[in-house]
Amino acid sequence: MMHTNYNRATPPPLGTMNGTWILDKSRGSPSMRGYLETMGVTELAIEAHEKGEAEHETIHQIDFADNRFRIKKVSRVTDLDLELTLG
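Predicted model only: the values in this text are computed from it and were never measured.

A. Layout of helix α2 (residues 43–55). For α2, spanning 13 residues, the distance from its first C-alpha to its last is 18 Å, which sits close to the expected 18 Å at 1.5 Å a residue. Of all the positions in α2, only Ile46, His49, Gly52 and Glu53 are classed as buried. When α2 is viewed along its axis, its buried side chains cluster within an angular range of 125° and face the same direction. Away from its buried face by more than 90 degrees, α2 exposes Leu44 and Ala54. Looking at the buried side of α2, the elements it contacts are α1 (33–38).

B. Layout of the packing of aromatic side chains. Inspection of every chain in the model, using the stated rule, returns one aromatic pair. Taking the centre distance of 4.6 Å and the plane angle of 40° together, the rings of phenylalanine 64 and phenylalanine 69 count as tilted.

C. Structural view of the sheet that holds strand β2 (residues 59–64). Strand order in the open sheet made by the four strands is β1-β2-β3-β4, with antiparallel pairing throughout. Looking along the sheet, the strands with just one partner apiece sit at the ends: β1 (19–22) and β4 (79–85). Taken pair by pair, the neighbouring strands of this sheet meet at an average axis angle of 15°, ignoring direction.

D. Up close: the pattern of salt bridges. Taken as a whole and judged by the stated rule, the model has eight salt bridges. Where arginine 33 meets glutamate 37, a salt bridge forms, and the shortest distance between an N and an O atom there is 3.2 Å. Here arginine 33 and its partner glutamate 37 are both found in helix α1, four residues apart, which amounts to about one turn of the helix. Relative accessible area serves as the criterion here: at 24%, arginine 33 is assigned to the partly exposed category.

E. Region of interest: the side chain of glutamate 53. Relative to the helices and strands, glutamate 53 is located in helix α2. For the buried residue glutamate 53, which engages in no salt bridge, the nearest side chain bearing the opposite charge is lysine 73, 5.1 Å off. Here the side chain of glutamate 53 touches threonine 58 through a polar contact of 3.0 Å, side chain to side chain. With sequence-adjacent residues up to four places away left out, glutamate 53 is seen in contact with Lys25, Thr58, Ser75 and Val77.

Criteria and thresholds
Residues numbered from 1 in each chain as written. Predicted model: local features only at pLDDT ≥ 70, side-chain atom pairs only at ≥ 80, totals over all residues. Heavy atoms only, no water. Helix = DSSP H or I, 4+ residues; strand = E, 2+ residues; numbered from the N terminus. Expected span 1.5 Å × (residues − 1). Buried < 20%, exposed > 50% of the residue type's maximum accessible area, 1.4 Å probe, protein only. Arc of directions from axis to C-beta. Contact = heavy atoms within 4.5 Å. Phe/Tyr/Trp six-rings, centres within 6.5 Å; stacked < 30°, edge-to-face > 60°. Pairing = 2+ DSSP bridges. Axes fitted to C-alpha atoms, helices over the stretch in contact; angles between N-to-C directions. Salt bridge = Lys/Arg side-chain N within 4 Å of Asp/Glu carboxyl O. Lys, Arg positive; Asp, Glu negative; His and termini not counted. Polar contact = N/O pair within 3.5 Å; in protein donor to acceptor, adjacent residues only side chain to side chain.

Read these as layout, nothing more, since geometry by itself doesn't imply function.
So, in structure tokens, the structure goes:
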């Protein structure tokens, strides 16, 4: 595997993030509590969301191409499939 240092002057190519990603819950706090509170979600719903996130992995499948971006998020709480045309 070739290692390349990327920076603002030489950003990585779009396909660099292609793949399946799982949040590392051991690093920091992955809770969305602050966002959900700001959006006016009830305490009971926030607790249910946190329980679902804690008990099941959230999987992100990312696919960049020259003219499109697709992300599929699969979790106990929500499933999202979004494809955007670029340009």
